[in-house]
Amino acid sequence: MLNTGAMAHLTPLHAAAADAIASLAGVPREGLRVETTPRPELGDLAVGVFTIAKTLGKNPSEVALDFAATFQSSELLASATAVGPFVNFRANRPAVFRWLIGAALEGSLLPRSLGAGQTIVIDYSSPNVSKHLAYHHIRSTMLGHSLVQIFRALGYTVVGLNHLGDWGTTHGKLIAAWKKWGPSDPNATVDIAMLNDLYVRFSAAAKLDPTLDAEGRAEFKKLEDGDPEAHALWSRFKTISLAEYQTAYDALGVTFDLVKGESEYLPEVPRVLADLAAKGLSSESEGALVVMLPDEKTPLLLKKSDDATLYSTRDIPSAEFRWNTWHFARSLYVVDRGQALHFRQLFKTLSLMGYEWASKCEHVPYGLVQIGGKKGSTKTGNVVLLKDVISEADSRVRALLAEINPELAPEALTTIATQVGTGAVVFANLVAQRDKDVAFEWDRVIALQGDSGPYLQYSHARCASILRKAGGDWATANPRPQLRELDLTKLGTGAEWAVARSLIDFPAVVVATLPKCEPHIICHYLLSLAGEFSRWYTAGNGDPSLRVLCDDLPTRDARLALVAAVKAVMAEGLSLLGLAAPEQM
Ligand code: ARG
């Protein structure tokens, strides 16, 4: 999927190392793998020469020694040594600092055109209307949002899609409940809580009185047959739901390129069914219409005995629509792992239908989200609402900030508490590996230390505060120092180089999230960048000459430029995760 040739060129430094070996060995640089070394004592970049040695019929260690001896330094690479079968390169630090700082401040370290010409469709959030946006919806919403940002930053064309669950028997049940217990006053304000409660009440009552389920199904049948009254209610419920979801999306900074409900695919269902029948793929089983699938114990269900269309049936025209509209390189479905079987069945069906693009469809599953030990289901009413978690985070962070920084002005406190509170909740959901469950513990989630979003935001704010203290050009959010005038030979203490090495890794880290759609790799990277940064600036606590704001002006300016670069990368990384980067905390 990824062009590994391009990987070698992710940064000019990697390209320089690949070029050096390519010209020494007389091979194309595309096949060469350039790695960053684990420790700077070993050099900064390493290229293994196994394959080259094999073609030459020589011992890899000898080849490495030979290459290292004949290596001529270049702009970015100062020297080479052989370490076993590897040639390890040491960077020319001032030149690398110039590239890093320049690229970070003038745009991005990321390879901006890696994905040029390829479209990625991402289905995320996709809640079922007339139900609350529960806390667990955050995971699909923010994983999807983060993937949208990542692919887009690397130059892919991205289509973010909210595939609203606006069809199904649930809607029939809600209509039945409304007719029984809905408000008699036609002007009564109706919100999603009322709809949700009606649904919960209906489900509870149906347990005692099984005829209610039949009533719900009958209402849904009416809806499917286009009954105007049922349709008007359904459409009213949908409008109410969308308004509520929008508030949550606004709070999270999430947008979609297209919101398209399942109901919009209904006109295509008869054609799909006819097509499946014509291809001999559908058959009857126990009164239902199904697609039998190789290596699956259960078939894909197209229609139950009552003739209503199903979730899985509607996903077929929806997948076709995505292919026909965008000719995607990948079509991702960010949906909890409980739907793994559904997506396996769907993709196998698409493939049996003769669609070669079925292989480009991927389920991106994720683990459970728990809070206070409960998953929270909208059916029992035992649900933790997303908006409640966010507002609790907001007020906890507000109290914490007021304590650590009593000088924050009230408006600033309000804005920052929202950014950091939301950031804390979002980060907690992204930092865990995608397929792992997330257990949510308040103290850990909002801590300013440790694996938390606030810790990253704090280190961004810390960079901003150092630049503000420096005054002048540095005080602005995006300093544009005259890079040419900076003496970057002043940089290069162990801690400064460790920060630079961390920055060099940023492009490879972001690209590494793509194959398995794993934003958590960026979370861990930013935590380690924040750690290196903190080691660097706290080194100045004991020794004034190591302080960023030291007395020697050229050194101070060079260090400020590095702080600005860290700030820029931290801000970009946070935005790839969907977190705000506050200027003060
Ligand atoms: N509405 C579904 C649910 O809440 C998720 C839809 C995911 N997307 C899809 N194309 N099936 O479970």
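Residues numbered from 1 in each chain as written. Predicted model: local features only at pLDDT ≥ 70, side-chain atom pairs only at ≥ 80, totals over all residues. Heavy atoms only, no water.

Caption draft 1: The arrangement of the site of the ligand in detail. Close contacts around the ligand come from D123, S126, N128, H163, Y311, D315, R322, Y333, V335, Q339 and F343, and that covers them all. At 2.8 Å, a side-chain N or O of D123 approaches a nitrogen atom of the ligand. Between the ligand and Q339, the relevant distance is 2.8 Å, taken from an oxygen atom to a side-chain nitrogen or oxygen of the residue. If the ligand stood free it would expose 350 Å²; the protein chains cover 88% of that surface. With 3 residues, the single largest contributor to the shell around the ligand is helix α12 (residues 311-326). (Near = heavy atom within 4 Å. Polar contact = N/O pair within 3.5 Å; in protein donor to acceptor, adjacent residues only side chain to side chain. Areas by Shrake-Rupley, 256 points an atom, 1.4 Å probe, with all protein chains shown as cover. Helix = DSSP H or I, 4+ residues; strand = E, 2+ residues; numbered from the N terminus.)

Caption draft 2: Expanded view of the packing of aromatic side chains. In the structure shown here, the tally under the stated rule is 24 aromatic pairs. Ring geometry for W167 and W234: centres 5.3 Å apart, planes at 85°, overall edge-to-face. Placement of the pair is W167 in the loop between β6 (157-162) and α7 (169-181) and W234 in helix α10 (residues 228-252), with a sequence separation of 67 residues. Among the residues examined, W167 registers a relative accessible area of 8% and is labelled buried. Where Y333 meets F347, the ring centres are 5.5 Å apart and the plane angle is 50°; that geometry is what we call tilted. With Y333 in strand β11 (residues 330-334) and F347 in helix α13 (residues 340-352), this residue pair connects regions lying 14 residues apart in the sequence. Judged by its relative accessible area of 1%, Y333 is buried. Taking relative accessible area as the criterion, F347 reaches 14% and is therefore assigned buried. (Phe/Tyr/Trp six-rings, centres within 6.5 Å; stacked < 30°, edge-to-face > 60°. Buried < 20%, exposed > 50% of the residue type's maximum accessible area, 1.4 Å probe, protein only.)

Caption draft 3: Inspection of the pairing of β6 at higher detail. Burial of β6 is extensive: 5 of the 6 residues sit out of reach of the surface. Alignment of strand β5 (residues 119-123) against β6, held across 5 bridges, turns out to be parallel. The residue of β6 that forms the bridge with I122 is G160. Judged from the 2 bridges that link them, β6 and strand β7 (residues 258-259) form a sheet pairing that is parallel. Opposite L161, over in β7, you have L258 as the bridge partner. (Pairing = 2+ DSSP bridges.)

Caption draft 4: Region of interest: the packing of helix α6 (residues 137-153) against helix α15 (residues 410-430). One way to put it is that α6 packs onto α15 with a least axis distance of 9 Å and a crossing angle of 85°. By the angle between their directions, the pair α6 and α15 is classed as roughly perpendicular. In this structure, α6 contributes I138, R139, M142, L143 and S146 to the contact, and α15 contributes V425, V426, N429 and L430. Taken together, the residues that form the contact of α6 with α15 break down as 6 nonpolar, 2 polar and 1 charged. (Axes fitted to C-alpha atoms, helices over the stretch in contact; angles between N-to-C directions. Parallel < 35°, antiparallel > 145°, perpendicular 65-115°, else oblique. Contact = heavy atoms within 4.5 Å. Nonpolar A, V, L, I, M, F, W, Y, C, P; charged D, E, K, R; others polar.)

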